[in-house]
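# Analysis of the macromolecular model
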Amino acid sequence: MTDADLPPLLPMPDGWQRALAVVAHPDDLEYGCSAAIASWTRDGREVVYVLATRGEAGIDTLAPERARRLREAEQRAAAAVVGVRDVDFLDHRDGVIEYGPALRRDITAAVRRHRPELVVTLNHHRTWGPGTWNTPDHVAVGQAALDAAGDAGNRWIFPELADQGLEPWDGARWVAVAGSPSPTHAVPADRGFEYAVQSLLRHRTYVEALTGEDPETYVRRFLTGSTGTHSARFGGRPAVAFELFTR
Ligand SMILES: [Zn+2]
């Protein structure tokens, strides 16, 4: 079966004003998703980023202590390019994030603090598709974000959060998973594409460590490829595809 044999990707719901994007590492949102985020913020919606780590284990040639500060700064700059001012870090340890109550509680706290109608996260499945294994950090954070959208509405799951003034928020109606091997919905990527390019380029240190190629050539080629992957199911348009869960 080819992509074109699958049903068309549906437009994302638009009855929302605030989104919370929860991912494991600096750069997770810039590898495609930020084209959608740029178009949302240009429409006047608010998007906040929450990162489980500071990406300190992401660059082989850079010790974690230096990488942590540098990648935090690059992530803040990348967020600013797509109209996101608020970037929180949960300070779990890069590479060994554990799925469990501690991670769910930290994400639940973020959901209660920011009160989004839409939660965005990255692929929680074990693979990106046939033959491409996903990393445990992405799986852990994706699963915990899906869970936390519900946990946030239950006063009794993490009662200590209400004691800290974080009252339950049961308004997260959707969780949209980017990079899923089984997407159902999509956002046109054309309007946000240039912002996505500039946003990924802000991860200069990471991109330069990753490729010997000119960074801009690499970034444009990567994002053209990723936003073209599902275009056959979206009227031929470049797209950021999501697997959408409705609560
Ligand atoms: Zn990552």
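Here, the structure is the one placed above.
Everything quoted here is computed from the prediction, not taken from an experiment.

### Section: the sheet that holds strand E3 (residues 46–51)
Across the sheet, 8 strands lie side by side as E1-E9-E10-E8-E5-E2-E3-E4; this open sheet has mixed pairing. On the outer flanks of this sheet lie strand E1 (10–11) and strand E4 (87–89), each paired with one strand and no other. Bridging between strand E8 (residues 174–178) and strand E10 (residues 239–246) involves 5 bridges; their strand directions are antiparallel. Note that in E10 the partner of valine 177 across the bridge is glutamate 243. In this fold helix H3 (residues 101–114) packs onto strand E2 (18–23), E3 and E4, with an angle of close to 160° to the strand it touches most, E2.

### Remarks on the coordination of the zinc ion
Protein-derived ligands of the zinc ion are His25 (ND1), Asp28 (OD) and His138 (NE2), with the metal-ligand distances lying across 2.0 to 2.1 Å. Along the chain, the residues donating to the zinc ion are arranged with the sequence spacing H-x2-D-x109-H. With a relative accessible area of 8%, aspartate 28 lands in the buried category.

The rules we used
Residues numbered from 1 in each chain as written. Predicted model: local features only at pLDDT ≥ 70, side-chain atom pairs only at ≥ 80, totals over all residues. Heavy atoms only, no water. Pairing = 2+ DSSP bridges. Helix = DSSP H or I, 4+ residues; strand = E, 2+ residues; numbered from the N terminus. Contact = heavy atoms within 4.5 Å. Axes fitted to C-alpha atoms, helices over the stretch in contact; angles between N-to-C directions. Donors = N, O, S within 2.8 Å, 3.2 Å for Na, K, Ca; no water. Buried < 20%, exposed > 50% of the residue type's maximum accessible area, 1.4 Å probe, protein only.

Nothing here speaks to function; it is all geometry.
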